[in-house]
Each structure stands twice: as structure tokens, then as C-alpha cells.
Amino acid sequence: MSSPALSTAARLRAARPDWLNDPKVWRTEILGGLVVALALIPEAISFSIIAGVDPAVGLFASFTMAVTIAFVGGRRAMISAATGAVALVIAPLNREHGFGYLVAAVLLAGVFQIVLGVLGVAKLMRFVPRSVMVGFVNSLALLVFMAQVPEMRDVPWPVYPMIVAGLALMVFFPKVTTVIPAPLVSIVILTVITVAAGIAVPTVGDRGELPSSLPVPGLPDVPFTMDTLTTVAPYALAMALVGLMESLMTAKLVDDITDTHSSKTRELIGQGVANIVTGFFGGMGGCAVIGQTMINVKVSGSRTRLSTFLAGAFLMVLCIVFGPVVSDIPMAALVAVMIMVSVAAFDWHSIAPKTLRRMPAGETGVMVITVVFVLTTHNLAVGVVVGTVTAMVIFARRVAHLAEVTAVADPDGTSVVYRVTGELFFASSNDIVGRFDYSGDPDHVVIDLSSAHVWDASSVAALDAVETRYAQRGKTVEITGLNEPSARLHDKLSGELVGGN
């Protein structure tokens with residue numbers, strides 16, 4: 001018989017996270033977090049430049065976002081940090097009103113995100129079709145690659161062989177061992193070669209000065225007035241929506257890759273909490289970053305919150321403690337890592353000739369439209385919204401044609417039965433009005449809806465229009481076969497809708 005102390009110890013061991021129970025998981029998470037931290041540095045600095053703020057602001061945002069979301073987020077192993085989409089949204093506010101207003105917008109955006117999470121906005125993800133998701137993934141991969149193109153223009157010639165060498169290391173090193181992530185090996189080897197040989201190529205240090213101390217909490221330097229609120233609110237709402245869209249899509253992508261489920265509502269609320277924390281520490285805000293998340297999940301194989309936390313923690317350690325060393329990392333090494341991420345993220349199966357031949361044209365069209373709008377606007381959220389709306393329009397048109405009306409005349413010629421089949425809603429119901437022979441039908445008309453469903457007011461209005469046209473000719477209409485939900489809607493709205501004709 002086991003003692004109570006032993007059973008308590010067993011329960012505690014079972015309750016511990018995976019990375020405490022398995023040394024292999026521990027190693028994977030630590031090394032994955034380190035690789036992500038290295039990849040975050042140049043991007044955070046780039047996004048700071050886009051937003052028009054000091055590089056330290058973007059680095060602080062990446063630090064606080066990653067560390068906070070590791071505890072409050074709903075998707076394990078997903079990385080949140082400063083992002084280009086958020087930078088683009090808040091750049092005009094910083095340019096026109098100053099840094100204090102930018103920080104105020106970040107705080108308010110966090111509040112908006114928490115409210116939207118509590119209201120259940122995450123449930124809207126079920127309306128995002130697979131074709132939009134594929135377009136999202138492919139456009140993300142293309143954006144990641146396109147972001148590396150400027151790093152390969154007007155640079156010293158050694159940059160090109162270094163990128164090729166970095167790619168080769170990441171392709172072939174895993175065949176030797178997977179104990180150490182290949183991206184980390186590539187970064188270390190290329191950095192050592194660059195420093196030892198004194199090769200003059202662009203480095204991380206060329207992107208901006210790294211911070212030398214931790215961020216200090218504080219409130220934004222703005223007047224707390226209604227004018228300030230009305231100034232920052234539109235930017236804050238836009239930032240909240242863009243951040244939530246990218247975070248939800250990234251979480252869904254990680255769900256698919258890891259074959260696990262995540263709490264989208266918790267993720268929305270967590271994003272809000274992380275942005276509030278980031279705002280109090282003077283950061284520029286952010287959301288889930290897809291490129292670094294792919295490095296963490298798909299390339300490094302991380303699966304727990306530890307890698308997310310360590311990505312933020314290592315980021316500050318690398319900047320503050322190892323700043324001079326990190327500054328010497330050649331940009332070519334990080335470019336190679338991001339190119340590998342873009343290649344791995346792209347859904348090559350979606351553009352294979354065999355797939356394109358079998359896929360309905362509408363599905364392929366939605367995917368292409370999503371990609372085009374993302375690449376045109378450089379905003380993943382815009383592409384997802386446009387792609388989803390397009391998919392809904394195509395679906396509505398397709399379903400609208402499924403509503404059919406067939407007439408069965410009574411042998412004695414005193415009545416006629418019209419059997420309506422399919423889904424009656426705004427796109428299909430208007431078409432059925434013209435399917436009846438108002439002048440030629442007998443005095444009694446039966447409309448059998450036992451094989452149909454009435455979904456909205458447009459359908460009720462259409463049925464009223466049919467009854468009205470028959471009534472104008474002195475004929476009566478009997479509607480039968482309504483299922484319970486359809487009957488309730490019809491009884492509630494019939495005769496109350498003006499302009500049904």
C-alpha cells in the first residue's frame with residue numbers, strides 16, 4: 001500500500017510540464033527559444049524603423065510580448081513579438097502625435113482585445129474556409145521571403161555564398177543529428193567564419209544599437225483627456241483587430257502542424273494582457289509572429305510554453321549581456337534561416353498540377369485572391385477578410401441554385417401543388433418568385449415546403465410576394481410542410497415585411 005506522501009509526490013510529478021519530465025524536451029525548448037531570439041533581433045529593429053521609434057522600443061516589445069504570452073496565451077509554443085502589421089498601423093500616430101500617444105494606443109488596443117476575447121470573437125474563426133487558410137499560409141511564406149530580398153541587394157559579394165552555405169547547413173546538418181537545431185548551427189558557424197576571416201558583410205549591429213538595460217515600467221506621457229482618447233482609439237482598434245486576426249490565424253496554423261487544440265478565446269485575452277504589459281514598459285505592441293513561430297514549431301520542433309518564454313528572455317540576455325557578440329552576427333545567416341522558413345511554410349501541394357486539376361475553380365480562386373491581397377497590402381488580416389468574404393459570396397451563389405420549384409397539377413384542375421426544395425435565404429429566395437404561373441394556375445395553390453428550410457426575412461418576404469401576386473388574381477395560397485424553425489420565423493414575420501413585391 002503506497003503512503004500518502006508517495007502518492008502526493010506522484011501527483012506532483014504528473015502535474016509538472018513536459019519539459020520538466022523529459023530532458024530531451026528541455027533541450028529542444030531551450031535551443032528553439034535561443035534560435036527564435038536570434039531571429040527576433042533584426043526583425044524587431046526593422047519594425048521599430050517602420051514605426052518611427054528607437055530600435056530598443058521594438059526589442060522591448062518583443063521581450064515583454066513573448067514572456068507575457070508564455071503564461072497567459074492559449075497556444076503553446078507560439079511566438080508573439082513586435083510585428084510589421086502593427087508597426088504599419090501605429091506609425092502614422094507616432095509620426096503625427098508623438099511616442100506617448102503610440103504607447104497609449106498600445107494600452108488601449110490591449111483593452112480592446114480583452115473585451116473582444118470575452119465577447120467570443122474567436123468563434124468567428126470557424127467561418128474561415130480552408131482555401132483562405134491555404135492562401136494565408138502561402139502569402140505568409142512569400143512575405144517572409146520578400147522581406148529578405150532587400151538584404152540581398154547592393155551587398156558585398158561574400159553575402160551570396162554565405163546565404164547558400166547557410167541553406168546547405170540547414171538542409172544537410174539534420175541528416176547528421178537533430179540534437180542541435182540546424183538554424184542555430186548555421187548562425188554560429190557563419191558568425192565564426194565572418195569574425196575569424198574578417199569578412200566585411202552587413203551584421204546585426206548595422207541595423208541599430210542594442211539596448212544595454214531592461215525596460216522600466218511607466219505610464220504614457222499624454223494628457224488623460226477625451227481628446228486623447230478620440231485620437232488614439234481608431235488606431236488602437238485597428239491594431240487590436242489586426243493583431244487578433246494574425247494571432248488567431250497563426251494559432252490555427254500551429255494547431256494543424258502539431259495536431260493539437262488551442263484555446264482561441266484565451267489567446268485573444270492573452271494578446272490583450274500582453275499588449276497592456278508591453279505598453280506599460282514602453283513597447284510598441286505586437287501580436288503573434290508567423291515567421292518566428294514557424295522557426296520554433298516546424299524547424300526547431302518546440303511544443304511547450306518554455307520555448308516562448310525563453311525566446312523573450314534570451315532576447316534581452318543577448319542584447320544586454322552579449323550585445324557585442326550578437327552585433328557581429330552576419331545578416332546573411334539570418335536571411336538564410338528566414339528563406340528556409342519560407343520554403344518550409346509554403347504549401348507546395350496546393351499549387352501542384354494534380355491538385356489544381358481536381359480542386360474546384362472557386363476554391364483555387366479564393367486562395368489566389370487571398371494571396372494577391374496580402375501581397376498587395378502587406379497585411380495578412382486584409383487578405384484573410386477579403387478571401388473569406390469572397391468564399392462566402394461564391395458559396396451563396398452556389399447554394400442559391402440548389403433551390404428548385406416543381407409544379408404538380410391536380411387531375412381535376414382545381415388546384416396545383418408546387419414543391420420547393422433546398423435552402424431559402426437572401427440569395428436563393430428572390431429567384432423562386434418568378435417560378436410560379438400566376439395567371440395560368442387554378443384558384444387554389446399549395447406550396448409544399450417540406451423539403452425546404454426558411455432561413456431569413458428575405459425568404460419570408462419572397463413567400464409573401466408570391467401570395468400577394470396570387471391574391472391580386474383572386475386566388476388563394478396554402479403553405480404547408482414548414483419545419484418548426486421555419487414555421488416560427490414565417491409566423492413571426494409574414495405580413496410584417498413591407499415591399500415584399
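In this text the structure is predicted, and so the values were computed from the model without any measurement.

**Considering the overall build of the chain**
Next, step 1: Regarding its fold elements, the chain presents 21 helices and 6 strands.
Next, step 2: Its C-alpha atoms give the chain a radius of gyration of 29 Å, clearly above 23 Å, the size a compact globule of 501 residues would have.
Next, step 3: Projected onto its principal axes, the C-alpha coordinates of the chain cover approximately 100 × 75 × 60 Å.
Next, step 4: The proportion of buried residues among the 501 residues of the chain is 51%.
Next, step 5: Residue pairs at least 24 apart in sequence account for 84% of intrachain contacts in the chain once pairs closer than 6 positions are excluded.
Next, step 6: By element, 65% of the accessible surface of the chain is carried by carbon and sulfur atoms, the whole surface being about 22,900 Å².

**Quick word on empty space enclosed by the protein**
Next, step 1: Under the criterion given, the structure shown has 2 cavities of 30 Å³ or more.
Next, step 2: The computed volume of the largest cavity comes to approximately 120 Å³.
Next, step 3: For the largest cavity, the full set of lining residues is Arg130, Ser131, Val134, Asp347, His349, Ser350, Thr355, Leu356, Met359, Glu363, Thr364 and Met367.
Next, step 4: Looking at the lining of the largest cavity, the elements with two or more residues in it are α7 (130–148), α16 (353–358) and α17 (361–377).
Next, step 5: Among the residues making up the lining of the largest cavity, the classes are represented as 4 nonpolar, 5 polar and 3 charged.
Next, step 6: By volume, the second largest cavity is sized at about 40 Å³.
Next, step 7: Considering the residues around the second largest cavity, the lining is formed by Glu151, Val155, Val159, Pro202, Met331, Ala332 and Val335.
Next, step 8: Counted by class, the lining of the second largest cavity contains 6 nonpolar, no polar and 1 charged residues.

**Overview of the pairing of strand β5 (residues 444–454)**
Next, step 1: Taking burial as the measure, the 11 residues of β5 include 8 buried ones, the bulk of the element.
Next, step 2: In the classification by handedness, the crossover that spans strand β4 (residues 415–424), the intervening helix α19 (residues 426–432) and the parallel β5 is right-handed.
Next, step 3: Bridge count between β5 and strand β6 (residues 476–480): 5 bridges; the pairing is parallel. Each residue of the ladder has a partner; that of His444, found in β6, is Thr476.
Next, step 4: For the handedness criterion, the β-α-β arrangement of β5, helix α20 (residues 457–471) and β6 is classed as right-handed.

**Thoughts on the nonpolar core**
In a soluble, globular protein the nonpolar side chains are often hidden away together inside.
Next, step 1: Counting residues in hydrophobic clusters, the biggest one holds 81 residues, and the most contacted among them are Ile41, Leu59, Phe136, Ile163, Ile295 and Leu315.
Next, step 2: Excluding its chain neighbours within four sequence positions, the residues that come into contact with Ile163 are Met152, Ala332, Val335, Ala336 and Ile339.
Next, step 3: Of all hydrophobic cores here, the second largest spans 29 residues; its members include Ala85, Val103, Ala109 and Met239.

**So, the sheet that holds β6**
To summarise the sheet geometry, strands pair through backbone hydrogen bonds and adopt either a parallel or an antiparallel arrangement.
Next, step 1: The strand order across the open sheet formed by 4 strands is β3-β4-β5-β6, and the pairing between neighbours is mixed. Each edge of the open sheet is held by one strand with a lone partner, namely β3 (404–409) and β6. Between one strand axis and the next, the sheet turns by 20° as a mean value, whatever way the strands run.
Next, step 2: Strand direction decides the pairing type here: β3 and β4, joined by 6 bridges, are antiparallel. The partner of Ala407 across the bridge, within β4, is Tyr418.
Next, step 3: Helix-sheet contacts for α20 involve β4, β5 and β6, and the interaxial angle to β5 is about 175°.

**Looking at the packing of aromatic side chains**
The description of an aromatic ring pair uses the distance of the two centres, along with the angle that the planes make with each other.
Next, step 1: Scanning the entire structure with this criterion turns up 6 aromatic pairs.
Next, step 2: Ring plane angle 85° and centroid distance 6.3 Å describe the contact between Phe436 and Tyr470, whose orientation is recorded as edge-to-face. Pair noted here: Phe436 is in the loop between α19 and β5 and Tyr470 is in helix α20, with a separation of 34 residues, a long-range link.
Next, step 3: One aromatic cluster in this structure is built from Tyr418, Phe436, Tyr438 and Tyr470.

**Considering the side chain of Thr203**
Next, step 1: Structurally, Thr203 can be placed in the loop between α9 (182–197) and α10 (226–258).
Next, step 2: Look at Thr203 and you get buried, because its relative accessible area is 14%.
Next, step 3: Beyond its immediate chain neighbours, meaning those up to four positions away, Thr203 contacts Ser327, Asp328, Ile329, Pro330 and Met331.

**Thoughts on the layout of surface pockets**
Leftover empty space is mapped by rolling, across the atoms, a probe with the size of a water molecule.
Next, step 1: In this structure, the largest pocket spans a volume of roughly 850 Å³.
Next, step 2: Along its surface, the largest pocket is lined by 33 residues, and Glu43, Phe47, Gly84, Leu143 and Ala147 are the ones closest to its centre.
Next, step 3: Sorting the residues of the lining of the largest pocket by element identifies α3 (23–51), α5 (84–97), α7, α12 (290–299) and α15 (331–345) as the ones contributing at least two each.
Next, step 4: The dominant element in the lining of the largest pocket, judged by the number of residues it contributes, is α3, at 7 residues.
Next, step 5: Within the lining of the largest pocket, the residues separate by chemical class into 21 nonpolar, 8 polar and 4 charged.
Next, step 6: Lining the second largest pocket are 15 residues; nearest its centre among them are Val121, Leu124, Met245, Leu248 and Val385.

**What about the packing of α5 against α10?**
Next, step 1: Look at α5 against α10: their axes get within 8 Å of each other, and the N-to-C directions meet at 165°. The pairing of α5 with α10 is recorded here as roughly antiparallel in orientation. Classified by chirality, the crossing of α10 by α5 is left-handed. Taken together, the residues of α10 that come into contact with α5 (itself represented by Ala85, Val86, Val89, Ile90, Pro92, Leu93, Glu96 and His97) are Thr231, Val232, Tyr235, Ala238, Met239, Val242 and Glu246.
Next, step 2: By residue class, the composition of the contact of α5 with α10 is 11 nonpolar, 2 polar and 2 charged.

**Observations concerning a nonpolar patch on the surface**
Next, step 1: Taken together, Val317, Val321, Phe322 and Val325 make up a surface patch of nonpolar side chains, about 340 Å² in accessible area.
Next, step 2: Looking at where Phe322 falls in the secondary structure, it is placed in the loop between α13 (305–320) and α14 (323–327).
Next, step 3: A residue is classified by how much of its surface remains accessible, and Phe322, at 41% relative accessible area, is partly exposed.

**Describing the pattern of salt bridges**
Next, step 1: Using the criterion set out here, one finds 5 salt bridges in the structure.
Next, step 2: Between Arg435 and Glu404 there is a salt bridge, with the nearest N and O atoms lying 3.9 Å from each other. With a gap of 31 residues between them, Arg435 in the loop between α19 and β5 and Glu404 in strand β3 connect regions that are remote in the sequence.
Next, step 3: On the accessibility criterion, Arg435 (36% relative accessible area) is partly exposed.
Next, step 4: For Glu404, a relative accessible area of 37% corresponds to the partly exposed category.
Next, step 5: The closest approach of N and O atoms between Glu484 and Arg488, which form a salt bridge, is 3.0 Å. Of this pair, Glu484 and Arg488 both sit in helix α21 (residues 484–493), 4 residues apart, roughly one helical turn.

Scoring rules and cut-offs
- Residues numbered from 1 in each chain as written.
- Predicted model: local features only at pLDDT ≥ 70, side-chain atom pairs only at ≥ 80, totals over all residues.
- Heavy atoms only, no water.
- Helix = DSSP H or I, 4+ residues; strand = E, 2+ residues; numbered from the N terminus.
- Rg over C-alpha atoms; globule rule 2.2 N^0.38 Å.
- Buried < 20%, exposed > 50% of the residue type's maximum accessible area, 1.4 Å probe, protein only.
- Contact = heavy atoms within 4.5 Å.
- Areas by Shrake-Rupley, 256 points an atom, 1.4 Å probe, with all protein chains shown as cover.
- 1 Å grid on protein atoms, 1.4 Å probe; cavity = no way out; pocket = protein on both sides within 12 Å on 5 of 7 lines; lining within 4 Å.
- Points joined across faces, edges and corners; volume = space filled by probe spheres on them.
- Nonpolar A, V, L, I, M, F, W, Y, C, P; charged D, E, K, R; others polar.
- Right-handed = clockwise from strand over helix to strand, strands pointing away.
- Pairing = 2+ DSSP bridges.
- Core = buried A, V, L, I, M, F, W, Y, C linked by side-chain atoms within 4.5 Å.
- Axes fitted to C-alpha atoms, helices over the stretch in contact; angles between N-to-C directions.
- Phe/Tyr/Trp six-rings, centres within 6.5 Å; stacked < 30°, edge-to-face > 60°.
- Parallel < 35°, antiparallel > 145°, perpendicular 65-115°, else oblique.
- Left-handed = near helix turned anticlockwise from the far one by under 90°.
- Patch = residues over 30% accessible without salt bridge, like charges linked within 9 Å, V, L, I, M, F, W, Y side chains within 5 Å.
- Salt bridge = Lys/Arg side-chain N within 4 Å of Asp/Glu carboxyl O.

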